[in-house]
Amino acid sequence: MLKANHLRYAYPEAGHKHTVLQDVSLELHAGEHVALMGSSGSGKSTLLNLLGGIDTPAGGEIMIAGSNLTQLREPQLTLFRRQHIGFIYQQFNLIPTLTVAENMLLPLELLGVPRQQQQQRLQQWLEAVQLPTRGSAFPDQLSGGEQQRVAIARALIHRPALVLADEPTGNLDAQTGTLVLDLLFTLAEREQQTLLVVTHSKAVAERAGRILLLRDGQLHTDGQTVTW
Ligand SMILES: Nc1ncnc2c1ncn2[C@@H]1O[C@H](COP(=O)(O)OP(=O)(O)OP(=O)(O)O)[C@@H](O)[C@H]1O
Ligand SMILES: [Mg+2]
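Residues numbered from 1 in each chain as written. Chains lettered and ligands numbered in written order. Predicted model: local features only at pLDDT ≥ 70, side-chain atom pairs only at ≥ 80, totals over all residues.

With that settled, the discussion passes to the overall build of the chain. Along the chain, the regular secondary structure elements total seven helices and ten strands. For 228 residues, the compact-globule estimate of 2.2 N^0.38 gives 17 Å, and the chain sits close to it at 17 Å. Summarising its shape, the C-alpha atoms of the chain cover approximately 50 × 40 × 30 Å along the three principal directions. Counting every position in the chain, which comprises 228 residues, the buried fraction comes to 39%. Of the contacts made within the chain by residues no fewer than 6 positions apart, 71% connect residues no fewer than 24 positions apart. (Helix = DSSP H or I, 4+ residues; strand = E, 2+ residues; numbered from the N terminus. Rg over C-alpha atoms; globule rule 2.2 N^0.38 Å. Buried ≥ 20, exposed ≤ 12 C-beta atoms within 10 Å, placed from the backbone. Contact = placed C-beta atoms within 7 Å.)

So, in structure tokens, the structure goes:
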């Protein structure tokens, strides 16, 4: 489903002095749930941005759902992202001026899904993330856990092949984080989506089927058991 080979990346702003990702290869199978760990600054968010087509690697290749991401340029890359990728961020990143319903429906709106179909999906997803009556609320009227549940619906509603979550429970207390994470894993499983979750939490990582560890610009543990 996803295959990345020999990825390299350095931030242009850093003058290519510091190569964040030196040689990263990984393979995710369809429907697989994988955790990505590594110390702060090890390049986890950078890797997610490459896999999600937000940044372009300096070298290497990324194949997702049959497309070679590294050969796409704008506007094809934007279209690819809209169709095939769902993002969940630590800071929720909901649009404050849009209601819960409008935030959730944004991916469908961008893909030009007819309004009637959008409305049908909306109620299903409000219920799926246990917010059946909150569609007309604004993000600042919700708790952190509720906002992240909206963000989960927004990431999954267009049925992307790959869901990338960057520390999705990092801003939540432990109990809320566990509930939100359960929902994310359960819904991704129901939708048969491939899920890559960045986390600092061993409990979160253990919820995944496999753990990858990023260290010194390389993934050391793909397919192997992590030793702490
Ligand atoms: N926009 C940027 N410009 C220059 N350097 C950057 C930029 N963003 C990140 N970096 C650097 O790239 C490296 C990797 O950053 P990244 O955000 O991917 O780490 P991370 O593993 O996600 O860390 P954390 O766990 O703290 O979120 C760090 O050294 C960071 O300082
Ligand atoms: Mg990060």
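That shown, we press on.
Here we take up the site of ligand 1. With respect to spatial proximity, the complete set of residues near ligand 1 consists of Tyr 11, Glu 13, Ala 14, Val 20, Gly 38, Ser 40, Gly 41, Ser 42, Gly 43, Lys 44, Ser 45 and Thr 46. The greatest single-element share of the shell around ligand 1, amounting to three residues, is contributed by helix 1 (residues 44-51). A breakdown of the residues in the shell around ligand 1 according to their chemical character gives three nonpolar, seven polar and two charged. (Near = placed C-beta within 6 Å. Nonpolar A, V, L, I, M, F, W, Y, C, P; charged D, E, K, R; others polar.)

In an α-helix, one turn spans 3.6 residues, which is why side chains three or four residues apart end up on the same side. Buried residues dominate helix 1, accounting for six of its eight residues. Turning to helix 1, its buried residues number three or more, namely Lys 44, Thr 46, Leu 47, Leu 48, Leu 50 and Leu 51. The positive-phi residue at the C-terminal boundary of helix 1 is Gly 53, with phi of around 75°.

What follows covers the nonpolar core. Core analysis: the largest hydrophobic core is formed by 64 residues, its most contacted members being Ala 35, Leu 36, Ile 152, Ala 153, Val 163, Leu 164 and Val 197. With six residues, the single largest contributor to this core is helix 5 (residues 144-156). Each residue touching Ile 152, except ones within four places of it in the same chain, is listed here: Ile 88, Val 129, Leu 183, Leu 184 and Leu 187. (Core = buried A, V, L, I, M, F, W, Y, C linked by C-beta atoms within 7 Å.)

Looking now at the pairing of strand 7 (residues 162-166). Most of strand 7 sits out of view: five of its five residues are buried. Because side chains alternate across strand 7, one face comprises the buried residues Leu 162, Leu 164 and Asp 166, and the other comprises Val 163 and Ala 165, equally buried.

With four of five residues buried, strand 3 (residues 33-37) lies mostly within the body of the structure. In this sheet, strand 8 (residues 194-198) lies alongside strand 3 in parallel orientation, the contact comprising four bridges. For Val 34, the partnering residue across the bridge sits in strand 8 and is Leu 196. Pairing of strand 3 with strand 9 (residues 210-215), which is carried by four bridges, proceeds in the parallel orientation. Each residue of the ladder has a partner; that of Ala 35, found in strand 9, is Ile 211. (Pairing = 2+ DSSP bridges.)

Now for the packing of helix 5 against helix 6 (residues 174-190). One way to put it is that helix 5 packs onto helix 6 with a least axis distance of 10 Å and a crossing angle of 15°. Viewed along their axes, helix 5 and helix 6 adopt a mutual orientation that is roughly parallel. Between helix 5 and helix 6 the crossing geometry is right-handed. Residues Gly 144, Gly 145, Gln 148, Arg 149, Ile 152 and Leu 156 of helix 5 pack against Thr 176, Leu 179, Val 180, Leu 183, Leu 184, Leu 187 and Ala 188 of helix 6. (Axes fitted to C-alpha atoms, helices over the stretch in contact; angles between N-to-C directions. Parallel < 35°, antiparallel > 145°, perpendicular 65-115°, else oblique. Left-handed = near helix turned anticlockwise from the far one by under 90°.)

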